[in-house]
Amino acid sequence: MNPAERIAELTEKLNYYNQRYYVDSVSEISDQNFDLMLKELENLETQYPDLKLLESPTHRVGGTVTKNFASVEHRYPMLSLANTYNEQELIDFDERVRKGLNGEAYEYICELKFDGISLSMTYENGIFVRGVTRGDGVRGDDITNNVKTIKTIPLKVNPKSQIANLLSFEIRGEGFLPYSSFEKMNADAEAAGEESYANARNAASGSFKLQDSAEVARRGLDAYVYQFLSDEEIFSTHEESLIALKNLGFNVSPTWQKCSDIQDVMAYIKLWDEKRFSLPLATDGIVIKLNSIAQRAELGYTAKSPRWAIAYKYKAESKPAILKAVTYQVGRTGAITPVAELDNEKRNNKGIHLSGTTVKRASLHNANEIERLGLRIGDTVFVEKGGEIIPKVTAVDLSKRDMFNTQEIVYPTNCPECGAELTRKEGEANHYCPNEKGCPPQIRGKIEHFIHRKAMNIDSLGEGKIELLYDKGLVRDVTDLYDLTYEKLFGLEKITEDEVTGKIRKIGFKEKTVQNILEGIEKSKQVPFKQVLFGIGIRYVGATVAEKLASFFKNIDNIKNADYETLRTAPEIGDKIAQSIVEYFQNDDNQIFIEKLRLAGLQFAAQDEIKEIESDQLTGKTFLYTGTFENFEREALEQKIEANGGKVVSGVSGKLDFLIVGEKPGSSKIEKAKKLNVTMISEEEFMAMLN
Ligand SMILES: NC(=O)c1ccc[n+]([C@@H]2O[C@H](COP(=O)([O-])OP(=O)(O)OC[C@H]3O[C@@H](n4cnc5c(N)ncnc54)[C@H](O)[C@@H]3O)[C@@H](O)[C@H]2O)c1
Ligand SMILES: [Zn+2]
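Residues numbered from 1 in each chain as written. Chains lettered and ligands numbered in written order. Predicted model: local features only at pLDDT ≥ 70, side-chain atom pairs only at ≥ 80, totals over all residues.

The name that an unreviewed UniProt entry assigns to the chain is DNA ligase, with the source organism given as Emticicia aquatica. Quoted verbatim from the Catalytic activity (unreviewed entry) heading of the UniProt record, the comment on the chain is "NAD(+) + (deoxyribonucleotide)n-3'-hydroxyl + 5'-phospho-(deoxyribonucleotide)m = (deoxyribonucleotide)n+m + AMP + beta-nicotinamide D-nucleotide." (UniProt positions renumbered as here; feature names shortened; annotations may be inferred.)

Set out below in structure tokens:
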């Protein structure tokens, strides 16, 4: 891969992870890996400044504003922090500070880096008026009502205090979910069959962005404050401000410390490396800040972060463990995942203590990974966990191998759930159980797919509830959902034991739950055909493909009766998809399945969208767009093009007439268009073509 390709790849991936992290509150990779990739991109961009892409994540704050809340411009931009995982870079930072201050004496304040989301709280005449997220640093989401649910945030400051009379001031802090609330919330979610969050940070982020502030209040969020801002100069040092805020009743964590030099800072880092796990909330490092406010002003800011502060992040903790056994899990698609069953070196079945939690299992991904690590049962292995993400086995401690009896790991030939013989396709890492229709986790997986937001959108059902329905024999495939009644559901319950804590948990269907489930199922009968088509789960027919098929063929019978060639004439339907559809309908079981759903009342024909003809201005011209637009959602833009006689195509080619470029365009489309000399136009230019 050449530098340009690598830069494009990193940019795209990092933007994707940012979106998942800040908007969806999901971490698909560990923070450490994210930061490594970001550093790699920064280095490449410094080396090849010309290759830096417009949408690079390196020169802006990671988040965005959403459409769900009013957006508010920050009076003072909310930036990120430069971060490092190593001590040498801290020494370099200190060196830059020393140089920047031309020999003046200086001090640092060290604080813990709390892992939640940044909050800005504005007070006017001493009254709390607004709580806003960081957003893109310039504008954030107005989540005032949600912030107000935090009991430790004063709604009014003591009128006698110095700051109470300021026209306006701002407090910055970190909103977080204490571990205890996080555990309770996840237990609730699981009991209700809803999805749980991978870590407390993501749970906090998701909770702050809920629409229903009564639900937010139930979650038990909290916040620590760590910054005071105003137009007037009230405090001359950070230390003074922390003490004053504390005295005014703001929730300042007592864990901060003044450090007279970088050696002091190192000692603080060492002190909290272990101790932080005894705190009631997640931390991922420490923040080192210059104490003097005047000196901060001297050093200033980069586009993304202050020059007077830096975050030191703790590396993922790694510990030895004994590999007791390997067990095998069967996923929704039939993929087999080997799991390491772990214990501590005393072998007392208590697992190991890693980053504040007990770990007894870790994913081994697939047979290749077992081979790569050279694992044997009984081995001493290293286990690592970063940012509360799933722990992983990183290596075998070979020096200990001869001390114990170890055994070869024999990969199973049959499915541990249903006994079917496993298959492994050429070039694929995973083994699969081919028994799609008889293997319990696969059946449950199909039902989960069916109720998905983009399919039948039955959000009153979830993993836990489906498992219960399956276990009780009430739902064996999705057609059974439409036979459920109040009587069948009411009072169902299931007792589970938490593997790690041994805690007993009960899932029970009470009146309200049952009503919600039945309502959700009833409503799904109105879900449009394209979503039904996605929901029935034909291989390779994802949500987008289903949409294309639905609008091209209009109803299920046309799709069923189409032969391979006819299918190929539909836009974006390639060989693999066409083949898969043909095979699907050749199977009698599938035909019966669809008839049952049709009888249940599901939509198997597209409601005709009435296409208005506005003009023929665009006749004979082809269009493609990239990015987001001020005046149109994607669908509306497509409609506009078609209503004026134009045609929307699926990819950049030499035949494309116009690429409409919006905000945050995709880099690959732009590059290809440049290469092929395709005319690129802005949203305004496109609008002008219509007049
Ligand atoms: N895993 C993923 O997929 C993924 C994706 C995007 C970002 N991330 C992580 O998020 C990081 C970037 O996030 P970021 O820009 O919010 O930076 P950051 O979280 O590393 O640092 C800045 C933030 O720290 C917080 N903070 C906590 N305690 C603080 C204190 N005492 N003083 C000042 N600030 C404090 C503030 O909210 C501030 O906005 C990345 O470096 C990465 O680790 C992970
Ligand atoms: Zn199976």
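From this point, things continue past the structure.
How would you summarise the site of ligand 1 if you had to cite specific residues and measurements?
In the vicinity of ligand 1 there are 25 residues, among which Tyr-21, Asp-31, Ser-80, Glu-111 and Ser-118 approach most closely. Secondary structure elements with two or more residues in the shell around ligand 1: helix 1 (3–23), helix 2 (31–47) and strand 3 (108–114). Tallying contributions element by element places helix 1 first for the shell around ligand 1, with 4 residues. For the shell around ligand 1, the residue count by class is 10 nonpolar, 7 polar and 8 charged. Both domains that furnish three or more residues to the shell around ligand 1 are identified here as domain 1 (3–58) and domain 2 (71–313). (Near = placed C-beta within 6 Å. Helix = DSSP H or I, 4+ residues; strand = E, 2+ residues; numbered from the N terminus. Nonpolar A, V, L, I, M, F, W, Y, C, P; charged D, E, K, R; others polar. Domains from an automatic or database assignment.)

Talk me through the packing of helix 1 against helix 2; I want residue IDs and the actual numbers.
Interaxial distance between helix 1 and helix 2 falls to 10 Å at its minimum, and their mutual angle equals 140°. With respect to each other, helix 1 and helix 2 are oriented oblique. Here helix 1 and helix 2 pass one another in a crossing that is left-handed. Touching Pro-3, Arg-6, Ile-7, Leu-10, Thr-11, Lys-13, Leu-14 and Tyr-17 of helix 1 are Phe-34, Met-37, Leu-38, Glu-40, Leu-41, Leu-44 and Glu-45, all from helix 2. Across the contact of helix 1 with helix 2, the residue classes tally to 10 nonpolar, 1 polar and 4 charged. (Axes fitted to C-alpha atoms, helices over the stretch in contact; angles between N-to-C directions. Parallel < 35°, antiparallel > 145°, perpendicular 65-115°, else oblique. Left-handed = near helix turned anticlockwise from the far one by under 90°. Contact = placed C-beta atoms within 7 Å.)

I'd like a description of the UniProt feature "active site" (unreviewed entry) in the chain, backed by residues and values.
Feature annotation in UniProt assigns "active site" (unreviewed entry) to the following positions: Lys-113. Locating Lys-113 in the fold gives a position in strand 3. Discounting chain neighbours no more than four positions away, the residues touching Lys-113 are Thr-283, Asp-284, Gly-285, Ile-286, Val-287 and Ala-311.

With reference to specific residues and values, describe the sheet that holds strand 5 (residues 127–133).
Strand order in the open sheet formed by 4 strands is 5-4-7-8, with antiparallel pairing between adjacent strands. Both edges of this open sheet fall to strand 5 and strand 8 (222–229), since each of them pairs with a single strand only. Across the sheet, the mean angle separating the axes of adjacent strands is 30° when strand polarity is ignored. As defined by bridge partners, strand 4 (residues 117–124) adjoins strand 5 across 6 bridges and the pair is classed as antiparallel. Note that in strand 5 the partner of Glu-124 across the bridge is Ile-127. (Pairing = 2+ DSSP bridges.)

Any details on the sheet that holds strand 22 (residues 647–648)? Residues and values, ideally.
What the 4 strands build is an open sheet, ordered 22-21-23-24; its pairing is parallel. One side of each edge strand has no neighbouring strand; the edge strands of this open sheet are strand 22 and strand 24 (679–682). Both strand 21 (residues 622–626) and strand 22 contribute to a ladder of 2 bridges, which runs parallel. Along strand 22, the bridge assignment pairs Thr-622 with Lys-647. Against the sheet, helix 23 (residues 667–675) makes contact with strand 21, strand 23 (658–661) and strand 24, and its axis sits at roughly 145° relative to strand 23, the strand it touches most.

How would you explain the packing of helix 12 (residues 440–451) against helix 13 (residues 463–471) if you had to name every residue and give the values?
Running from N to C, helix 12 and helix 13 cross one another at 125°; their axes reach a closest spacing of 10 Å. By the angle class used here, helix 12 and helix 13 are oblique. Handedness of the helix 12/helix 13 crossing: right-handed. Listed contacts from helix 13 to Pro-440, Ile-443, Arg-444, Ile-447 and Glu-448 of helix 12 are Glu-463, Ile-466, Glu-467 and Tyr-470.

An account of the nonpolar core is requested, with residue identities and associated values reported.
Core analysis: the largest hydrophobic core is formed by 55 residues, its most contacted members being Cys-110, Phe-176, Ala-200, Ala-204, Val-225, Ile-286 and Ile-288. Discounting residues that sit within four places of it in the chain, Ile-288 has contacts with Tyr-108, Cys-110, Val-265, Ala-309, Ile-310 and Tyr-312. (Core = buried A, V, L, I, M, F, W, Y, C linked by C-beta atoms within 7 Å. Buried ≥ 20, exposed ≤ 12 C-beta atoms within 10 Å, placed from the backbone.)

Describe unusual backbone geometry, listing the residues and the values that go with them.
Peptide bonds are, in most cases, trans, and in most cases residues other than glycine have a negative phi. Unusually for a residue other than glycine, Asn-125 sits at a positive phi of about 50°. By the secondary structure assignment, Asn-125 is in the loop between strand 4 and strand 5. Positive phi values are uncommon outside glycine, yet Tyr-540 reaches one of about 70°. Along the chain, Tyr-540 turns up in the loop between helix 16 (529–535) and helix 17 (543–553). Look at Tyr-540 and you get partly exposed, because 14 C-beta atoms sit within 10 Å.

Which residues make up helix 8 (residues 238–247), and what are the values?
Restricting attention to buried positions, one finds in helix 8 the residues His-238, Ser-241, Leu-242 and Leu-245. End-on, the buried residues of helix 8 take up no more than an arc of 100°, which puts them together on one face. Elements in contact with the buried residues of helix 8: strand 3, strand 8, strand 10 (283–290) and helix 10 (293–299). (Arc of directions from axis to C-beta.)

Describe the environment of Ile-91, naming the residues involved and giving the relevant values.
Relative to the helices and strands, Ile-91 resides in helix 3 (residues 87–100). Between the C-alpha atom of Ile-91 and that of Ile-262, which follows or precedes it by 171 residues, the distance is 7.0 Å.

Would you mind going over helix 17 in detail, with residue names and values included?
When we look at burial in helix 17, the residues that qualify are Val-545, Ala-546, Glu-547, Leu-549, Ala-550 and Phe-553. Phi turns positive one or two residues past the end of helix 17, at Lys-554, with a value near 70°.

Before we move on, can you summarise the environment of Glu-595 with the specific residues and values?
Positionally, Glu-595 belongs in helix 21 (residues 588–600). Among the residues examined, Glu-595 registers 12 C-beta atoms within 10 Å and is labelled exposed. Separated by 116 residues in sequence, Glu-595 and Thr-479 have C-alpha atoms that sit 9.7 Å apart.

Any details on the confidence of the model for the chain? Residues and values, ideally.
On average, residues of the chain score 91 in pLDDT, and 97% of them reach the 70 mark or higher. What the predictor reports for the complex is a pTM of 0.64 with an ipTM of 0.96. (pLDDT = per-residue confidence, 0-100.)

Any chance you could break down the pairing of strand 13 (residues 336–343) for me, citing the residues and the numbers?
On strand 13, burial follows the alternation: Ile-336, Pro-338, Ala-340 and Leu-342 on one face are buried, whereas Thr-337, Val-339, Glu-341 and Asp-343 on the facing-out side are not. Taken together, the 8 bridges between strand 12 (residues 317–330) and strand 13 define a ladder with antiparallel strand orientation. Paired with Ala-325 across the two strands is Glu-341, which belongs to strand 13. For strand 13 and strand 16 (residues 361–363), the ladder comprises 3 bridges, and the chain directions are antiparallel. Counterpart to Glu-341 in the pairing with strand 16 is Arg-361.

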